[in-house]
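Summary of structural features
These are the residues of each chain, in order.
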Amino acid sequence: MARRVGICAVAQTTWERDKWSQRFQGMALEVLEDLLARTGLTFSEDGGIGMSISVSDDIFDARTISDNAMTDVLGAHMGCEEKVAQEGLQALYYGLAAIRSGHVDVVLVLGHCKESQPASRNQVTHMAFDPFYTRPVGLDFTAAAGLQAQAYAARAGVGDRHLAQVVVRARQLATRNLKITGLPVVTAAEVLASPLLADPLRELHAYPVSDGAVGLILAAEERAREITDRPVWIAGVGNCMDSFFLGDRDLASNFPLRQAAARAYRRAGIDHPQNAFDVVELSDQYAYQQPMWMEGLGLVPAGGGGAWIDAGGPEAARVNLSGGMLAGNPLILGGLVRAAEAALQLRGEAGDHQVPGARRALAHGVMGPAGQFHTVAVLERD
Amino acid sequence: MGGPMRQRLITLRQTIAVGQRFATGPVMGRFLMALREKTILAIRCPSCGRLQSPPREICAPCRVRNTEWVEVGPGGEMRMLEYVYYASPDPLSGETRETPYGAVGILLDGCRDEEVFWHLLNPADLDRVRMGIVIGDRVTRGSRLRPVWADARTGSISDIRYFELDEPPAPA
Amino acid sequence: MELTPDLRDCFTVPGKLALPYTYFAGRIGSRFLLALQEEHRILGVRCAGCATVLVPPRATCDRCQADLADTWVEVGPAGRVENFTVVRYADRHVPEPVPLVLALIRLDGADTPLVHRLGGMDPEAVRVGLRVTAVFAAEPRDTLLCIDHFRPLAPQPSAAGPRPQGG
Ligand SMILES: [Zn+2]
Ligand SMILES: [Zn+2]
């Protein structure tokens, strides 16, 4: 029988528009020290943290293999170190694999990003495209999201008014999340009047530029129960990668997310996802993605995104009570922060946005243009 | 016709470039601002006493925050020389520097063992310096080097242009 | 001297991430680009496994893992706008001028739409279903911009192109 793996502790910096006074190493160290203080753990292959998994984006960091520049602040000096450059939630998957295999008992996962460092996020995501075919026409993740939003909105009855509602709610929830600072609330009128970026995306539909770091401690069941009295179990993880060229995909179909979710549900033994979750944390980099990913997760009927928002679905389904990505987490950390927030809910540590008695949560991460790659994790407590 | 089919192949030369705004943080920032005053700072580990320059937030082997600032150098003994014939492009500009050049590891005055400080060597001194070597009791002294400071200093590692030989010329 | 992490010690430094690359188009890509450059013909590849005509062409079908070498078919130069967005921000990687219409264009004979820019019409008048055709660049280019842009087949009210040909 494979070993159960638990999340034992969560720490994050505040998420800010511009942490100009900190290097990424400093942000990571802040999270590491917080985690060690919470758990009393040290680094050792004999009972302590036996492996460090970092999450970082080389182009955002402007360094090749940017984890090399920070093994000291990961506690990974002369230790076992691994890097996730894809999407933060994948680090949970790596940690799960390392522990279930029996290779290690305790794993540190620590991600960082300073989106304020490059001149523009769009210049960075532009690099994800092909130099011959798709860079020359100017594609970046914002333009790709515009194409997807255009295709999805028509199919799901999601209009400008719905998107404004999603943003207003996210900004309001963000005021209850102590880790979000300096993000003003907005009115629907302000969202509707904000400039278009790539039709139908508006400036206020896009997740804010943000800097920060997040970390988790994962452990095998026996060790997890020693470290904390409220471990959060990783019940199942699934992911899926869709085609590289946008034209090869049906952008509104949610194909890769449906695959990722089905894999996660099967591994977690969930037959009826519709009412399986007390809390849902999904990576809504742009407002249209909140209803769209809910459809892809099978939690809202396909094509029903607009009606779901009209019916107060986001509140009823307890979606992104942390504020979600629209409250500001870096691209590469979206899914990892979602897992952290979901774990806080299941540990009863979510503060002002705590759902009483939450037992099972879903965390979702996404990377690549127009949702090319998705990861879904199911988390549970005893 | 015979022989393999020939085909024209296309390559595209392109420099990818993204502007950046790097943060120094408090530790690196203090070190860099000291260079503006022609001072080289190191930071000491409270656990093992090791000095690091440029300073880091923590001592990696001890996994503790460094706590004490110490002024070192500015002169020192050359312990390592990388005589470089092939230069990688500088990721800050995409340009490739002139070769050959020397990268030197200097044991600044006040430092010991592996506590070397890396910088550039004056290209004119490339063939005139010798490395210090310590193998057990066998000690060979390396060349004395001193920093050559830039006139306009901004709080950057380039406030030291390079290190140069700080010894009388060998008798003919 | 005691360490006191102090904001007065913190500052930021302007810099750059810049790296020179030489990208290789590959055999399939080179053939595709040369056909655009020299013959103003648009080529796709046809996967026998899934009967799909893929544009841009590639060496392998990602669904069937079939080898697609020598499965060339000519497509376009006309096609249909399947989807589009109007990029309204200027940035160094975005071709001028903005607003820039980026469209997924399914070329006649192809199954997978190609992303390219639309010109020769008012961005606000673009609609899904619009018939368009390729406008080839006057001078040779080593990228997809051998096709400078696509323009409507039928005359449109406004005729400002995204960039003058050869400009
Ligand atoms: Zn030490
Ligand atoms: Zn196929």
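Here the structure is shown first, and the text comes after it.
To keep things clear, this report deals only with the structure shown in the data block. Treat the numbers as computed from the prediction; the structure is a model and nothing was measured. (Residues numbered from 1 in each chain as written. Chains lettered and ligands numbered in written order. Predicted model: local features only at pLDDT ≥ 70, side-chain atom pairs only at ≥ 80, totals over all residues. Heavy atoms only, no water.)

Attention now goes to the sheet that holds strand E6 (residues 68-72) of chain B. All names here are of chain B. Pairing is antiparallel across the open sheet formed by 3 strands, whose spatial order is E3-E2-E6. The open sheet has two edge strands with one neighbour each: strand E3 (51-52) and E6. Looking at chain direction, strand E2 (residues 40-44) and E3 are connected through 2 bridges and run antiparallel. Within the sheet, the bridge partner assigned to Ile 43 lies in E3 and is Gln 52. (Pairing = 2+ DSSP bridges. Helix = DSSP H or I, 4+ residues; strand = E, 2+ residues; numbered from the N terminus.)

Residues and elements named next belong to chain A. If you trace the 9 strands from one edge of the open sheet to the other, you get E3-E2-E4-E7-E1-E8-E11-E10-E9, paired in mixed fashion. The outermost strands of the open sheet, each flanked by one partner alone, are strand E3 (81-84) and strand E9 (279-281). Taken pair by pair, the neighbouring strands of this sheet meet at an average axis angle of 25°, ignoring direction. As defined by bridge partners, strand E2 (residues 51-55) adjoins E3 across 4 bridges and the pair is classed as parallel. Of the residues in E3, the one forming a bridge with Val 55 is Val 84. On the sheet, helix H9 (residues 255-268) packs against strand E8 (232-241), strand E10 (360-367) and strand E11 (373-381) and is oriented at approximately 150° with respect to E8. (Axes fitted to C-alpha atoms, helices over the stretch in contact; angles between N-to-C directions. Contact = heavy atoms within 4.5 Å.)

Turning our eyes to something else, we now look at the coordination of the zinc ion (ligand 1). All names here are of chain B. At this site the zinc ion (ligand 1) is bound by Cys 45 (SG), Cys 48 (SG), Cys 59 (SG) and Cys 62 (SG), with donor distances of 2.3 Å. Each of the 4 donor atoms bound to the zinc ion (ligand 1) contributes to angles spanning 104 to 114°, and the resulting shape is tetrahedral. Written as a sequence motif, the donor arrangement for the zinc ion (ligand 1) is C-x2-C-x10-C-x2-C. (Donors = N, O, S within 2.8 Å, 3.2 Å for Na, K, Ca; no water. Tetrahedral: all angles 85-135°; square planar, octahedral: opposite > 155°, others 65-115°.)

Attention now moves to the layout of surface pockets. All names here are of chain A. By volume, the second largest pocket amounts to about 440 Å³. Every residue lining the second largest pocket is counted, 25 residues in all, and those nearest its centre are Arg 121, Asn 122, Leu 197, Ala 206 and Val 209. Within the residue set of the lining of the second largest pocket, elements represented by two or more residues are helix H4 (121-126) and helix H5 (141-156). Broken down by element, the lining of the second largest pocket gets its largest block of residues, 3 residues, from H4. Grouping the constituent residues of the lining of the second largest pocket by class yields 13 nonpolar, 6 polar and 6 charged. (1 Å grid on protein atoms, 1.4 Å probe; cavity = no way out; pocket = protein on both sides within 12 Å on 5 of 7 lines; lining within 4 Å. Points joined across faces, edges and corners; volume = space filled by probe spheres on them. Nonpolar A, V, L, I, M, F, W, Y, C, P; charged D, E, K, R; others polar.)

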